[in-house]
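Residue strings, one per chain:
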Protein chains: 2
Amino acid sequence: MEKISEIQKICLRRAIVFPTAEIYGGISGFFDYGEIGKKIKDKIIAELKKFFKEENFIEIEGSIILPKEVFKASGHLDSFVDPIVKCKNCNSYFRADHLIEEKLKIKVEGKSIEEIDRIIKENKIKCPNCNSELENVKEFNLMFKLTVGAENEAYLRPETAQNIFIDFKRIYFGYGAKLPFAIMQVGYSFRNEISPRQFLIRLRAFTQFEIEMFFDPKNENCPIEKYLDVELPILTREAQRKNSEEIKWIKVRELLENKIIKSKWQAYFLAKEFIFFTQVLKIDKNKLRFRHVLEEETPFYSAGNFDLEYYFDDFGWKEIVGNAYRTDYDLKVHMQHSKEDLKVENIIAHVAEPSFGIDRIFLALLNEHFKIDRKYFAFPYKLAPYYVAVFPLVSNKEEIVKKAREVYEMLRKEFFDDVIYDEGFIGKLYAKADEIGIPLCITIDYQTLNDNSVTIRFRDTKEQIRVSISELINKIKEIIFSN
Amino acid sequence: MEKISEIQKICLRRAIVFPTAEIYGGISGFFDYGEIGKKIKDKIIAELKKFFKEENFIEIEGSIILPKEVFKASGHLDSFVDPIVKCKNCNSYFRADHLIEEKLKIKVEGKSIEEIDRIIKENKIKCPNCNSELENVKEFNLMFKLTVGAENEAYLRPETAQNIFIDFKRIYFGYGAKLPFAIMQVGYSFRNEISPRQFLIRLRAFTQFEIEMFFDPKNENCPIEKYLDVELPILTREAQRKNSEEIKWIKVRELLENKIIKSKWQAYFLAKEFIFFTQVLKIDKNKLRFRHVLEEETPFYSAGNFDLEYYFDDFGWKEIVGNAYRTDYDLKVHMQHSKEDLKVENIIAHVAEPSFGIDRIFLALLNEHFKIDRKYFAFPYKLAPYYVAVFPLVSNKEEIVKKAREVYEMLRKEFFDDVIYDEGFIGKLYAKADEIGIPLCITIDYQTLNDNSVTIRFRDTKEQIRVSISELINKIKEIIFSN
């Protein structure tokens, strides 16, 4: 846990991301983003949007509170449950399936509450806190329930996707869409996890970036050609059944031909994700894999799920993007429950969905680019919280400080809040800027007063170059945006 | 209601903003934004940020779910209540104060539940739906309550400000802040209104943009000088007591000298708001006023509240920004309840707060720029959902369509999703683009094939000019960003 604990220390000290309501002892599973964290998170979302949002993608911003009927239809009200168990003595709650997995090293995915209860009792599993006996296993719905008005039952959405399905028709007609087209949404989702843990990995409130691509399965009309030769790292079902971690590099063409992936649109998203993570977020391709979710873990309506997983040094492989070929399930159930006709172009559209977990991707970016020797974040330039910091070499020389302020004001007009200004001992200022991953530091020194040149110092190499103030903006743009 | 109903019709038909969960009959007080609405809303927020966020403003993104302790301290748990009353026959709920105001034309602001109940009974006020008798008046807390984990009481925040106060210390030290400095946040807030109404005016979920400026009241250190001569439209307390609507134009200097405004920072925000709304959102200055909130309406801890109100044609004057000089109340109560020392630089900082209601500002923008004769939105160019639409003059001429697609692709590289492409009858395309306020339409016609020039058509004048494709991007930038 060395790396993640170093990262967490910096996150706290620099207020990058920190526990919600700290002064009241916190509230487990919730975190607040400070400016640095928020800016990185916003830049990840902006890059995702730029990379994925094509002409036929329509963005919405739907309500995070939705009426009961939506989740009755979607199945969440009945099936979005975890098995939980309470200690008879210390009153702590635990995930019953996690207790079994940890104690007995067996998977209980898909087993009923009664079966799980029987396993706990037969194996005499005790409370991990106080070693006392446990109560009966119960179902626990992961949705947060609330009352709207005086008495209407409603829920916080557990995924952003449901807004998209229930708004499908309004958007289709309002934007004159034609299949295939996508509706996308970035926003919060909420899951009342019984044991939130692992920093930003298992949160109770998190940000999702979801795309629902609606298409005719008989005529997908997907621009897959340009991605057919992309090789993807697959953890196959066969490997998983053999308890192997061996990753196979398989071309998209082959995945489609062998019907491992059953929709071109799903293949399209997998390929683009791989390119995005390796090229834009600059994540090592060997720390990414698509896990072909096993049959028994796949929802009954899905024609195939692939979890894009990232290897966290301290947590191991964790899902950062879920990919589901949801078929026509969602529109069909909402059609049945709402009695609205959700057919368009004579069919119930099929859906391929990539679902990006933004907080986990944020943490993956931090993990990937943290240099433990120098304790700083070597973020790709475009994703750094600020592009540039401006410093006077000394803060007790009026002319130098004045000049530094002028340079700062000039850069602020161009880069707004992507540039910061600070004063102090120059070595300390560089270290502080490096720590949070600012790619470039501009220093105004004695020479500046003579020839209007400043130094640009590079975060990763600590190398410095001299640039004339008149060329500074273009130089910064060239460095930041070509990287 | 002619104007607002025309606006709502377009909002529905073009899926700009529409009721949440429509296919299930909706959920009162909640709306979803489609792409057009979302883009306008995002642009309002971006312009606000550009205009208000200075060097010493730090942005955060805090949790919308907060533990009970936060609202115990803030006073929301005990005092954020409305008086409600239920009909004995039809079981409808009503705001008791609204019933009295409507029936008796008297204000009951500040009266106790018992007094309000007595007034209802003495005046024999009946159910406005079915004319039956009403039950006793009850207190109804406006916060949405939920359970976190198996049994922890928590609430959806009713204002974004509370995150800022509880994160104050972490941010202060994490960002090396010095008084005066501001923490700002854009995000959702939630209030369980018993009778949501007036489209986006009284919502149960809404977006706020809040700034908390922390300062030393003995040494405000506020750059107010440049705003001292700004004249603001004030609805004075005197005018309100005389039931007059007369607006006085008063200089900021005078408001401060006469102690009508008691903090320079509050004056600073009022002046900037006025400039923002008139110059950036281009709202008629005669449809804006700062209402000096009456003593009896002002929270006990506040040293003065000013509501910036906009005149909606169909709803009258409505608050779009609340300004409160909250003194040291917030940090003090959180200090008492959390036992954390929230003093910095030896004082409990004072707070001046502008709180922007983004959905209402969005609606004000729609109302202000809707041209009822031609039924289109004449948005300021920078705030339009898209800057440019590209059309082929005819859609059955392959060369023209191909060229139009090329021009579109070129513009998309520069303007991304601020440019759209469409095909059809050109007159209809122009009308559709005008309706949602797209400032410029580019048409590719027969002449384009000869001389690589296209037409730019202006939304407001319908005037057309011819521009060479090679100059198109610069021309568009010049038009959009100079306007």
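Residues numbered from 1 in each chain as written. Chains lettered and ligands numbered in written order. Predicted model: local features only at pLDDT ≥ 70, side-chain atom pairs only at ≥ 80, totals over all residues. Heavy atoms only, no water.

1. Focus on the relation of the copies chain A and chain B
Each copy superposes on the other: chain A lies on chain B with an RMSD of 0.0 Å after a rotation of 180 degrees and an axial shift of 0.0 Å. The superposition operator between the copies reduces to a two-fold rotation axis. Across chain A, the smallest distance between a C-alpha and the rotation axis is recorded for A:Leu146, namely 2.9 Å. Here 99% of the contact residues of chain A are again contact residues in chain B; the copies associate through an equivalent surface. (Least-squares fit on C-alpha atoms with pLDDT ≥ 70 in both. Contact = heavy atoms within 4.5 Å.)

2. Description of the packing of helix H13 (residues 398–415) of chain B against helix H16 (residues 472–482) of chain B
Residue and element names in this part refer to chain B. Close contact between H13 and H16 brings their axes to 11 Å; oriented N to C, the two are set at 50 degrees. Comparing their axes, H16 and H13 come out oblique. Where H13 crosses over H16, the two elements pack in a sense that is right-handed. Between H13 and H16, the residues in contact are Val407, Met410, Leu411, Glu414 and Phe415 and Leu472, Ile473, Ile476 and Lys477, respectively. Grouping the constituent residues of the contact of H13 with H16 by class yields seven nonpolar, no polar and two charged. (Axes fitted to C-alpha atoms, helices over the stretch in contact; angles between N-to-C directions. Helix = DSSP H or I, 4+ residues; strand = E, 2+ residues; numbered from the N terminus. Parallel < 35°, antiparallel > 145°, perpendicular 65-115°, else oblique. Left-handed = near helix turned anticlockwise from the far one by under 90°. Nonpolar A, V, L, I, M, F, W, Y, C, P; charged D, E, K, R; others polar.)

3. Let's talk about the pairing of strand S8 (residues 145–148) of chain B
Residues and elements named next belong to chain B. Across the two faces of S8 the burial differs, with Leu146 and Val148 buried and Lys145 and Thr147 not buried at all. In this structure, S8 lies alongside strand S9 (residues 152–156), joined through four bridges in antiparallel fashion. Each bridged residue has a counterpart across the sheet, and for Lys145 the counterpart in S9 is Tyr155. Hairpin remark: S8 followed by S9, antiparallel, with three residues in the connecting loop; positive phi at Gly149, about 65 degrees. (Buried < 20%, exposed > 50% of the residue type's maximum accessible area, 1.4 Å probe, protein only. Pairing = 2+ DSSP bridges.)

4. Observations regarding the sheet that holds strand S22 (residues 440–444) of chain A
Residue and element names in this part refer to chain A. Strand order in the open sheet made by the five strands is S21-S20-S22-S23-S24, with mixed pairing throughout. Taken across any chain shown, the strands that pair with only one partner, and hence form the sheet edges, are strand S21 (419–421) and strand S24 (464–468). Strand after strand, the sheet turns through a mean of 25 degrees between neighbouring axes, direction not considered. As judged from the five bridges shared by strand S23 (residues 453–458) and S24, these two strands associate in the antiparallel manner. Looking across to S24, one finds that Arg457 is bridged to Gln464.

5. Side note on the pairing of strand S14 (residues 288–292) of chain B
Residues and elements named next belong to chain B. Counting buried positions along S14 yields five of five residues, so the element is predominantly enclosed. Neither face of S14 is left uncovered, since the one carrying Leu288, Phe290 and His292 and the one carrying Arg289 and Arg291 both have all their residues buried. For strand S12 (residues 231–235) and S14, the ladder comprises two bridges, and the chain directions are parallel. Residue pairing for S14: Ile234 is matched across the bridge by Phe290. Note that S14 and strand S15 (residues 305–312) share five bridges and pair antiparallel. Looking at S15, one finds that Arg289 is bridged to Glu309.

6. Brief notes about helix H5 (residues 96–104) of chain B
Residue and element names in this part refer to chain B. For H5, the full list of buried residues reads Ala96, Asp97, His98, Leu99 and Ile100. Against strand S5 (81–86), strand S6 (93–95) and helix H6 (113–122) lie the buried residues of H5. Looking one or two places after H5, you find Lys105, whose phi comes out positive at around 55 degrees.

7. What about the pattern of salt bridges?
By the definition in use, this model includes 112 salt bridges over all chains. Measuring nitrogen to oxygen at the nearest pair gives 3.3 Å for the salt bridge that ties A:Asp313 to A:Lys3. Of this pair, A:Asp313 sits in the loop between strand S15 (305–312) and strand S16 (316–327) while A:Lys3 sits in helix H1 (residues 2–13); the two residues are 310 residues apart in sequence, bridging distant segments of the chain. In this structure A:Lys3 comes out as buried when scored by relative accessible area, which is 14%. Here A:Asp434 and A:Arg457 are joined by a salt bridge, their closest N and O atoms 2.9 Å apart. Of this pair, A:Asp434 sits in helix H15 (residues 426–435) while A:Arg457 is found in strand S23, placing the two residues 23 residues apart along the sequence. A:Arg457 matches A:Asp434 in its accessibility class, with the two residues each being buried. In this structure, a network of salt bridges that share partners links the residues A:Glu35, A:Lys39, A:Lys43, A:Asp417, A:Asp418 and B:Lys53. (Salt bridge = Lys/Arg side-chain N within 4 Å of Asp/Glu carboxyl O.)

8. Comments concerning the interface of chain A and chain B
Each partner contributes residues to the interface: chain A has 78 residues there, and chain B has 77 residues. Across the contact surface, chain A and chain B share 12 salt bridges. Across the pair A:Lys53 and B:Asp417 runs a salt bridge whose closest N-O atoms are separated by 2.7 Å. Across the contact surface, chain A and chain B share 36 residue pairs in polar contact (both at pLDDT 80 or more). It is helix H2 (residues 35–52) of chain A that contributes the most residues to the side of chain A that touches chain B, six residues altogether. Within the side of chain A that touches chain B, the residues separate by chemical class into 40 nonpolar, 14 polar and 24 charged. (Polar contact = N/O pair within 3.5 Å; in protein donor to acceptor, adjacent residues only side chain to side chain.)

9. A word on the domain arrangement of chain A
Residue and element names in this part refer to chain A. You can read the domains of chain A as domain 1 (2–80 + 142–369), domain 2 (81–141) and domain 3 (386–481). Relative placement of domain 1 and domain 3: their C-alpha centres are 39 Å apart. In this assembly, domain 1 packs against domain 3 so that about 710 Å² is buried in total across both faces, 44% of it on carbon and sulfur atoms. Sorting the residues of domain 1 by area buried against domain 3 places Arg14, Lys39 and Lys43 first, and these three jointly supply 60% of that buried surface. The salt bridge partner of Asp417 is Lys39, with a shortest N-O separation of 3.7 Å. Run the count over domain 1 and domain 3 and you get seven residue pairs in polar contact (both at pLDDT 80 or more). Elements with a minimum of two residues in the side of domain 1 that touches domain 3: H1 and H2. Top contributing element to the side of domain 1 that touches domain 3 by residue count: H2, with four residues. (Domains from an automatic or database assignment. Buried area = accessible area lost by both parts, 1.4 Å probe.)

10. What to know about unusual backbone geometry
The linkage connecting A:Leu179 with the following residue, A:Pro180, adopts the cis geometry, with an omega of -5 degrees. Positionally, A:Pro180 belongs in the loop between helix H8 (168–174) and strand S10 (181–190). We note that A:Gln198 has phi near 55 degrees; this positive angle belongs to a residue other than glycine. Locating A:Gln198 in the fold gives a position in the loop between S10 and strand S11 (205–215). Look at A:Gln198 and you get partly exposed, because its relative accessible area is 28%. The backbone phi angle of B:Asn131 is positive, close to 65 degrees, even though this residue is not glycine. Topologically, B:Asn131 is positioned in the loop between H6 and strand S7 (138–141).

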